[in-house]
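# Structural features, examined
Listed below, chain by chain, are the residues.
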Amino acid sequence: MVTSLRPISVLRVIRVALILLTGLAAAPATEPSLAQRTAQVIANWKPRFDEAKLRYLVADEFILAGDGTSRQLARYRDGTVLAAERALEATYFDKRPTEPIVICLFESEEPYKRLAKEWFADDDVPHFGFYRHRERVMFMNVSTGTGTLVHELTHALIAPDFPTVPDWFNEGLASLYEQCSISGDTITGLPNWRLPDLQKAIRADQLRPLKEMIEDPHFYRRDLVGINYAQARYLMFYLQQKQLLRAYYRRFRDHARDDPTGLQSLVAVIAPQTLDEFEKQWRAAVLELRFP
């Protein structure tokens, strides 16, 4: 038995070809891997590294460069960057950075300030260091210690996990780890130099309520920025001591759309205490702390 085949029209062939071509055009291009992006960032930065005589090495998503010895650079990598990253991710973060981060470490103030001005046109840098989120670059004067490195690293790690984090919480959590101890997957903030000013403000009844600090969108206002850092840091410290900080972070992050300041999440985490009761106990606990 012979079955006759219907001829395919030219218009139908053209229609099928257009569908196939449209599908190919819409197919997403393959994203470069982290290793490929890292190689490109190194290629972009290498002229600067060479000019400044900086050694460099790669560790996961980090490109560490420094004017110290290879041994010093490896020590910063293992003892600070990777150790803090491991502990912070184990404690808080579900999402890792997907872009390379450049960390420049200087053993003295002079090259730190000179290259910040030369490379970023910034002649008024902080004494310890800074992180430029848009460029994903950390610049550190490590002669002052590595506390600021952990502070800025916290900013870099929280960004992909909690992109809408408000300034007060971002700086409070980062400041908590300016002075810290790291043991395996555990990182613990310790009392630091921000404590005396906070205690002085509490004793003088000049510290505004936690609610006001949390809801203020202008964390960096010049007249309050110093005490804001201290108040936010020691709120984190107290929650850490009460073993509530991890739960607070995760609840706040997961409910930030409905609770953009984190105040409602804080109230939920400290329940059945009221915020007023909690704050009274927090202030009393802060006054009992000692530094050094």
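All of these numbers come straight from a predicted model, not from anything done at the bench.

A few words on the side chain of Arg253. Tracing the backbone shows Arg253 in helix α10 (residues 245-254). A distance of 2.9 Å separates the side chain of Arg253 from the side chain of Asp161, its partner in a polar contact. Within the local environment of Arg253, its side chain forms a polar contact with the side chain of Asp254, the two groups lying 2.9 Å apart. Here Arg253 is in contact with Tyr92, Asp94, Asp161 and Phe162, once residues within four sequence places are set aside.

Of note, the amide linkage connecting Ala271 to Pro272 takes the cis form, showing an omega dihedral of 15°. Secondary-structure assignment places Pro272 in the loop between α11 (263-270) and α12 (275-288). Positioned with a positive phi, Lys53 is a non-glycine residue whose angle comes to about 60°. Inspection of the secondary structure puts Lys53 in the loop between α2 (34-51) and β1 (55-59). Phi is positive for Asp205, which is not a glycine, with a value near 55°. Of note, Asp205 is situated in the loop between α7 (195-203) and α8 (210-215). Of the residues examined, Asp205 reaches a relative accessible area of 64% and is grouped as exposed.

Averaged over the protein chain, the pLDDT score is 91; the fraction of residues at 70 or greater is 90%. The low-confidence segment residues 1-14, where pLDDT is below 50, has one contact with residues more than four positions distant or belonging to other chains. Low pLDDT, under 50, characterises residues 16-25; the stretch is placed with zero contacts to residues that sit more than four places away or in other chains.

Moving on, we come to the pairing of β1. Here β1 pairs with strand β2 (residues 62-66) via five bridges, running antiparallel. The residue of β2 that forms the bridge with Arg55 is Gly66. Counting the residues that bridge the hairpin from β1 to β2 gives two residues, and of these Asp60 lies at a positive phi of roughly 55°.

Further remarks concern the packing of α7 against helix α9 (residues 225-241). Where α7 contacts α9, the two axes come as close as 9 Å, and the packing angle between them is 95°. Regarding the angle of α7 to α9, the classification is roughly perpendicular. Residues Leu195, Asp197, Leu198 and Ala201 of α7 touch α9, and the partners they reach there are Ile227, Ala230, Gln231 and Tyr234. In terms of residue class, the contact of α7 with α9 is built from six nonpolar, one polar and one charged.

Rules behind the numbers
Residues numbered from 1 in each chain as written. Predicted model: local features only at pLDDT ≥ 70, side-chain atom pairs only at ≥ 80, totals over all residues. Heavy atoms only, no water. Helix = DSSP H or I, 4+ residues; strand = E, 2+ residues; numbered from the N terminus. Polar contact = N/O pair within 3.5 Å; in protein donor to acceptor, adjacent residues only side chain to side chain. Contact = heavy atoms within 4.5 Å. Buried < 20%, exposed > 50% of the residue type's maximum accessible area, 1.4 Å probe, protein only. pLDDT = per-residue confidence, 0-100. Pairing = 2+ DSSP bridges. Axes fitted to C-alpha atoms, helices over the stretch in contact; angles between N-to-C directions. Parallel < 35°, antiparallel > 145°, perpendicular 65-115°, else oblique. Nonpolar A, V, L, I, M, F, W, Y, C, P; charged D, E, K, R; others polar.

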